Amino acid sequence: MVIKRSVSTNQTIKNNVSAKDVLSDTQTKLSQYLLDKIQEEQQLPWDNPVHQDIPFSHYNPITGTTYKGSNTIRLYVSALENGYKDPRWVTFNSIADNEDYKLAKGSKGTKVEFYKHIPYGTDEWDKYTAKWSEDRKQQYKASERDIIIHTYSTVFNADQFDKFPPLEKRSTLIIPEEDRVKAIEEIITNSKAPIIYDGRGKNYYDQLTNTIHLTKQEHFKSKEAFYSTALHEIINSIDYKSYLNTNVTKELVSEFSAILLRERYNVTKTKEQVQNSLSYIQSWAEDIKYDPNIIYKSMNKAERLFNIMESRMLINQKSNTFTNQINELLKKNDEQVKQLRTPI
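Predicted model, so just to flag it, every value in this text is computed and none were measured.

## Quick notes on the packing of aromatic side chains
Enumeration over the complete set of coordinates arrives at 15 aromatic pairs. Judged by centre distance (4.8 Å) and plane angle (45°), the rings of Phe56 and Tyr76 are tilted. One end of the pair, Phe56, is in the loop between α1 (19-41) and α2 (69-82); the other, Tyr76, is in helix α2, with 20 residues separating them in the sequence. Classification of Phe56 as buried rests on a relative accessible area of 5%. A relative accessible area of 2% means that Tyr76 is categorised as buried. When the ring of Phe161 is compared with that of Phe164, the centres are 4.9 Å apart and the planes differ by 70°; the resulting orientation is edge-to-face. With respect to burial, Phe161 and Phe164 carry one shared label: buried. For the cation-ring pair, Arg74 lies above Tyr296, with the distance from its terminal atom to the ring centre recorded as 5.3 Å. We note Arg145 situated over the ring of Tyr140; from NZ or CZ to the ring centre the distance is 4.8 Å.

Right, dumping it as structure tokens:
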């Protein structure tokens, strides 16, 4: 019986320069800009009211792709650096023959990564492996391996165009307001780490006992402050062991998780959480300086934990009409996540 597998490979662009090299260079430059911005303002840009018009969620209006993971950070930092306030990005090829679009001369694009899947047994697979040695090709054929190419594409923001269709109100994956509270309450109720309301002003996740300790809701300044704190600690409780001996900074993952909570559930950070973030700025600056890729690794990790939280704690009662509605939203989200593996 043949066990079908897939193998990842980096695309070589030219002169033996791989897609990984190009993306790494881009990430280093964007990370340096973000680092300089944080040190200059002594505040995280997404918490700074001055930059509130810079979108954190981005999408391609032509393909319907919602950019995820590390691409979210790439596009946010690029938008921050250049003052782009439009959340839409497109490739040049996708609009080249369309009279509704006119890119301004001298515009420079932003690199985003994606994985292209080439199934075994297709003409594209044969074409891609045509220059391989016969031995290597036979090894792949023996196990019927698919090929996954790690590569990148260059995208341009709508603000870089002299002519671009007007921005219309776009349906998002944000939970509708009337169902938002129900979703949050369901996540809290179904937390895999037991929640003990004995915090008395202190809220934290205890790794030793795998328990979350919260102050009772009535003692918070508002219900929103309670929701923000509870969801923050729930995400912290998920898969905490994976932080050990990795290059992912737990505090950075928590920070990006907070952004995802804001984007998805309209749950903003409390003043205490903002102050807590400020206390980590110098530490983050050192981490970013040492490893520019840590920002992208942390964002990817935050998104995985966020998705785990929803899949484990939001989808439980299949007969619940509300839950089914949320399930449909999550299915759409899954489809958009898969877009990372398709051409941008």
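## Observations concerning helix α10 (residues 281-290)
Of the residues making up α10, those classed as buried are Ile281, Trp284, Ala285 and Ile288. Along the axis of α10, the buried positions cluster into a sector of 105°, meaning they face one direction only.

## Thoughts on the sheet that holds strand β9 (residues 195-196)
The strand order β9-β11-β10 describes an open sheet built from 3 strands, whose pairing is mixed. The strands lining the two open edges of the sheet, one partner per strand, are β9 and β10 (204-206). Strand direction decides the pairing type here: β10 and strand β11 (residues 211-213), joined by 3 bridges, are antiparallel. In the sheet register, Tyr204 faces β11, and the bridge partner there is His213. Across the face of the sheet, helix α7 (residues 223-237) comes into contact with β9, β10 and β11 while running at roughly 25° to β10.

## Here we look at the nonpolar core
Judged by nonpolar contacts, the single largest core of 60 residues is most densely connected at Ile188, Leu231, Ile234, Phe256, Tyr265 and Met309. Taken together, the elements giving at least two residues each to this core come down to α1, α2, α6 (177-189), α7, α8 (250-265), α10 and α11 (294-313). For this core, the element with the most residues is α11, which contributes 9 residues. The contacts of Ile234, once residues within four sequence positions are left out, are Ile187, Ile188, Ser191, Ile195, Ile212, Met309 and Met313.

## Regarding the pattern of salt bridges
In the structure shown here, the tally under the stated rule is 13 salt bridges. One salt bridge connects Arg180 with Glu224, and the closest N-O pair in it is separated by 2.8 Å. Of the two residues, Arg180 sits in helix α6 while Glu224 sits in helix α7, which places them 44 residues apart along the sequence. Overall, Arg180 belongs to the buried group, its relative accessible area being 5%. Residue classification places Glu224 among the partly exposed positions, given a relative accessible area of 30%. Several salt bridges converge on common partners, so that one network encompasses Asp47, Glu255 and Lys269.

## Digging into the pairing of strand β7 (residues 146-157)
Burial analysis of β7 places 11 of its 12 residues in the buried class, the great majority of the element. The pairing of strand β4 (residues 89-91) with β7 spans 3 bridges and is classified as antiparallel. Paired with Thr91 across the two strands is Val155, which belongs to β7. As paired elements, strand β6 (residues 110-118) and β7 share 9 bridges and run antiparallel to each other. When the sheet's bridge partners are listed, Ile118 is paired in β7 with Ile147.

## Some remarks on the side chain of Ser254
Relative to the helices and strands, Ser254 resides in helix α8. Discounting chain neighbours no more than four positions away, the residues touching Ser254 are His232 and Asn236.

## Concerning the environment of Lys163
Assignment of secondary structure puts Lys163 in strand β8 (residues 161-163). With a relative accessible area of 42%, Lys163 lands in the partly exposed category. The spatial distance from the C-alpha of Lys163 to the C-alpha of Tyr101 is 5.0 Å, given a sequence separation of 62 residues. Sequence-distant contacts of Lys163, defined by excluding residues within four places in its chain, comprise Glu99, Asp100, Tyr101 and Lys102. Polar side-chain contacts of Lys163 include one of 2.9 Å to the backbone oxygen of Glu99.

## Notes on unusual backbone geometry
Phi at Gln42 is positive, roughly 50°, even though this residue is not glycine. Mapped onto the fold, Gln42 is located in the loop between α1 and α2.

What counts and what doesn't
- Throughout this description, residue numbers start from 1 for each chain and increase along the sequence as written.
- Side-chain atom pairs in this predicted model are given and counted only at pLDDT of 80 or more, local residue features only at pLDDT of at least 70, and totals for whole chains, interfaces and linings cover all residues.
- Side-chain figures throughout are based on the complete set of non-hydrogen atoms in the structure, without hydrogens or water.
- Aromatic pairs are defined between Phe, Tyr and Trp rings, using the six-membered ring for Trp, whenever the two ring centres lie within 6.5 Å; interplanar angles under 30 degrees are classed as stacked, those over 60 as edge-to-face, and all others as tilted.
- Counting from the N terminus, the helices are the DSSP runs of H or I reaching at least four residues and the strands are the DSSP runs of E reaching at least two.
- Note on exposure labels: buried denotes an accessible area under 20% of the residue type's maximum, exposed denotes more than 50%, and partly exposed covers the range between, all computed with a 1.4 Å probe on protein chains only.
- Look at NZ for Lys and CZ for Arg. If either is within 6 Å of the ring centre and within 35 degrees of the ring normal, a charge sits over the ring.
- This arc corresponds to the set of directions leading from the helix axis out to the C-beta atoms.
- Each pair of strands is called paired provided DSSP finds at least two bridges between the two strands.
- We call two residues contacting when some pair of their heavy atoms lies within 4.5 Å.
- Only C-alpha atoms enter the line fits that serve as axes; for helices the fit covers just the stretch in contact. Angles between N-to-C directions range over 0 to 180 degrees.
- Grouping buried Ala, Val, Leu, Ile, Met, Phe, Trp, Tyr and Cys residues that are joined through side-chain atoms within 4.5 Å yields what is termed a nonpolar core.
- Salt bridges are defined as contacts in which a side-chain nitrogen from Lys or Arg sits within 4 Å of a carboxyl oxygen from Asp or Glu.
- Polar contact criterion, stated in full: a pair of N or O atoms within 3.5 Å, where within protein one must be able to donate a hydrogen and the other to accept it, and residues adjacent in sequence count only if both atoms are side-chain atoms.

Geometric descriptors of this kind do not, in isolation, establish any biological role.
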